[in-house]
Amino acid sequence: MVTPLEGITTAADAEQTLIMNRSKCLLALRSSSLCKAWNNFRTGSPCYSVAASTMKPFPMLPDSLDTQLPEMKAAAEVAQKHLAKLAQLREQVLMGGGEKAQASYARKKILPYDRINRILDDPSEDVIRIGTFTGLGMPYGDVPSAGLVCCIGKVHNRYCMIVSSEGTFKGGTTFPISVTKHISILNQVEKCGLPFIFFIDSGGAFLPLQAAIFPDKMGGGKVFNLESVLGSKGIPSMAVICGSCTAGGAYGPTLCQESVIVNQTGTVFLGGPPLVKAALGYDIGPQELGGADLHSRVSGVTDYFAVDEEDSFAMIRDAVATTNYSKDVLDCPVGDEPLYPASDLDCLCGLTSLTKDQVLGVISRITDGSRFRQFKAKYGRNLITGYAAVQGRLVGIVANFGSLTCEDGLKGSHFLQICQLRDLPVVFLQNSALDRSCKLDAADATAALRGRATMATTLACLTPPKIVFNMAGCCLDDSLTMCGPSFDPWFSFSWPSGFLHYDHNNFSPDVVLEEITRHSDAPSNNSSHKGTAEGPKSSSEGGKKGKSSVLKPGSCWYDAAHMLTDEVIAPSLTRKVLAKCLDVCTQKLKFESVAPPVYRL
């Protein structure tokens, strides 16, 4: 309360009273909400989060998706077939080498998926699965999950990339597609700054195909290179040797910063007992040659001796607890739920392409409070750009509904430059129109190419996180402007209706629709899936194929099988997956210096 001026008899008393009143007024002003907001702005650190406020940013989008239209009802029937195939293939892959192989494996060891669940903070919490369908439909047969089960989940409240050899299939043997997936995983670890946990149970390269695994610059040797580079960038890496690590598989644990070996089951050697017998005529057991006691006590290859696998889980969790991720980075904000149900999105994967209103309907179902501020709303023809929040984190959104014009390219380039300056993650919603019969004259075509090239150049230099959802195809040069695989997105997901198509000569709606229809049933002639990849029968002919059908380009299944997309998801899960990805991206640490890796040997 301000002191009244009554009873003041001298000038000194009056001056003292005024000073007291001024101090009380300043104190009251500092405690007001206005000054609190200023102080928070002045002292706070920049982040992606949108602070809770009575004045919500961005206008609410109206519901532009009418699921009761006849075309949407017809699309819903097609979508149900896509989603049924998605569930069927997922169940097929989860069986690994088949029921008999899993039962035999489980008698001595813990199954790969169970290993991952045992180290997670909360096994019931959703994880980001990576490459579930990789390895299906290969020329040498199906390789479930490319021999590597992979997901991103929380360990001690830190998001980690967790990988486990699929030991139930061919003893965890490495195929050419396994190398492709492994390199992709390590690149993702580097981009996101994730601790890397590797459960190894591998027999090394599949010998009939070893010529296709190591020689190339993106072959098996690149895996070892990337594992070493992770250490130089301060990214933690840990290995658990829970089975055989033979030949090339022996390098995995030795290149990680820390490694655990399980007694009586874990072994590490370049050549096993049969090779020693053949070369030297010497009989030796696997534990004596490269077991847990030898490597923990004599060679020093391993750092922790685990009595059993349960013991190894506690050790690896303790190792993760030592990583230097601050608690502030790991706190997740909370955003408003969208106004419209996410389940409406599932029917959209029954369409071959989406209109502008349908794309806006997608945006209204993945953003907080269905709020979205369009950028240059009246400029351009086939591109939507703008700002929104997803689970409390600010993002830029770029969505197309057809090939980009010159104006679209310039608009997209302008928007991406702003996102770069403000360090905003960018979400790309890919939706190429199949009907590209509209011909441009020479001047317009040249201008369109110039605009697209400008956007592609900006995109190539974009450093904030790039997250891609292929809703209804990414065709031709849209892959250059809408963050196709060659532009290195941090995460890439596809709806069952998504696909990548680059062939200019054979591009037509009929061709793509035929591929989508054919692959909606593929691979189907190996539905029981017993893990029958056999490799080539002869090096010259490429050999007899496995029982699965060989996938060809033109569907999400081909893209997922060849690791061109990280995962195929149901459209209704888009917001949930996107929110997880943003949490993971925010966790990344800013390492200021480059230190040498840990030299283990």
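Predicted, not measured: the structure shown is a model, and the values here were computed from it.

A. Representation of the packing of helix 6 (residues 176–192) against helix 7 (residues 220–232) within the structure. Following both chains from N to C, one finds helix 6 and helix 7 inclined at 15°, their axes separated by 9 Å at the closest point. Considering the angle they form, helix 6 stands roughly parallel to helix 7. For the element pair helix 6 and helix 7, the recorded crossing hand is left-handed. On helix 7, the residues touching Val179, His182, Ile183, Leu186, Asn187, Val189 and Glu190 of helix 6 are Gly220, Lys222, Val223, Leu226, Glu227, Val229 and Leu230. The residue makeup of the contact of helix 6 with helix 7, split by class, is 8 nonpolar, 3 polar and 3 charged.

B. Geometry of the packing of helix 15 (residues 406–422) against helix 16 (residues 442–460). Packing of helix 15 against helix 16 leaves a shortest axis separation of 7 Å and a crossing angle of 15°. Comparing their axes, helix 16 and helix 15 come out roughly parallel. When you trace helix 15 past helix 16, the crossing you get is left-handed. Only Ala447, Ala448, Gly451, Arg452, Thr454, Met455, Thr458 and Leu459 of helix 16 make contact with helix 15, whose side of the interface consists of Cys406, Asp408, Gly409, Leu410, Gly412, Ser413, Leu416 and Gln417.

C. Structural context of the sheet that holds strand 13 (residues 466–470). Spatially, 7 strands are ordered 9-10-11-12-13-15-17 in an open sheet, and the strand pairing comes out mixed. Edge positions in the open sheet fall to strand 9 (373–374) and strand 17 (567–568), since each of these has one partner strand only. Bridge count for strand 15 (residues 491–494) against strand 17 is 2 bridges, and the pairing is parallel. When the bridges of strand 17 are listed, serine 494 appears paired with valine 568.

D. Expanded view of the environment of glycine 335. Within the secondary structure, glycine 335 is located in the loop between helix 13 (327–330) and helix 14 (356–364). Spatially, the C-alpha atom of glycine 335 lies 7.6 Å from that of alanine 389, the residues being 54 residues apart in sequence. Residues within four places of glycine 335 in sequence aside, it is in contact with Asp368, Gln391, Gly392 and Arg575.

E. A look at unusual backbone geometry. Phi at phenylalanine 58 takes a positive value of approximately 75°, unusual for a residue other than glycine. Within the element layout of this structure, phenylalanine 58 appears in the loop between helix 2 (33–43) and helix 3 (70–94). Of note in this structure, lysine 376 is not a glycine but carries a positive phi near 50°. Positionally, lysine 376 belongs in the loop between strand 9 and strand 10 (383–390). Taking relative accessible area as the criterion, lysine 376 reaches 33% and is therefore assigned partly exposed.

F. Expanded view of helix 5 (residues 112–119). Within helix 5 the residues assigned to the buried category are Pro112, Tyr113, Arg115, Ile116 and Ile119. Across the axial projection of helix 5, the buried residues extend over an arc of 155°, all falling on one side.

G. Representation of the packing of aromatic side chains. In this structure the tally under the stated criterion is 11 aromatic pairs. An angle of 75° between the planes, with centres 5.9 Å apart, marks the rings of phenylalanine 199 and phenylalanine 313 as edge-to-face. One end of the pair, phenylalanine 199, is in strand 4 (residues 196–202); the other, phenylalanine 313, is in helix 12 (residues 309–321), with 114 residues separating them in the sequence. Look at phenylalanine 313 and you get buried, because its relative accessible area is 3%. The interplanar angle of 35° and the centroid separation of 4.9 Å between the aromatic rings of phenylalanine 224 and tyrosine 251 together place this pair among those described as tilted. Taken together, the positions of phenylalanine 224 in helix 7 and tyrosine 251 in helix 8 (residues 251–255) put the pair 27 residues apart, joining distant regions of the chain. In textbook terms, an aromatic cluster arises when at least three aromatic residues are bridged by ring pairs, as seen for Tyr140, Phe169, Phe175 and Phe206. Seen from the ring of tyrosine 379, lysine 376 lies directly overhead, with NZ or CZ sitting 5.2 Å from the centre.

H. Examining the pairing of strand 12 (residues 426–430) more closely. Burial analysis of strand 12 places 5 of its 5 residues in the buried class, which makes it a mostly covered element. Neither face of strand 12 is open: one carries Val426, Phe428 and Gln430, the other Val427 and Leu429, and all of them are buried. Across 4 bridges, the pairing between strand 11 (residues 393–400) and strand 12 is parallel. Across the sheet, residue alanine 399 finds its bridge partner in strand 12, namely leucine 429. Between the parallel pair strand 11 and strand 12, the chain is carried across by helix 15, and the sense of this crossover is right-handed. Pairing analysis gives 5 bridges linking strand 12 to strand 13, with the strands arranged parallel. Looking at strand 13, one finds that glutamine 430 is bridged to asparagine 470.

So, how was this worked out
Residues numbered from 1 in each chain as written. Predicted model: local features only at pLDDT ≥ 70, side-chain atom pairs only at ≥ 80, totals over all residues. Heavy atoms only, no water. Axes fitted to C-alpha atoms, helices over the stretch in contact; angles between N-to-C directions. Helix = DSSP H or I, 4+ residues; strand = E, 2+ residues; numbered from the N terminus. Parallel < 35°, antiparallel > 145°, perpendicular 65-115°, else oblique. Left-handed = near helix turned anticlockwise from the far one by under 90°. Contact = heavy atoms within 4.5 Å. Nonpolar A, V, L, I, M, F, W, Y, C, P; charged D, E, K, R; others polar. Pairing = 2+ DSSP bridges. Buried < 20%, exposed > 50% of the residue type's maximum accessible area, 1.4 Å probe, protein only. Arc of directions from axis to C-beta. Phe/Tyr/Trp six-rings, centres within 6.5 Å; stacked < 30°, edge-to-face > 60°. Lys NZ or Arg CZ within 6 Å of the ring centre and 35° of its normal. Right-handed = clockwise from strand over helix to strand, strands pointing away.

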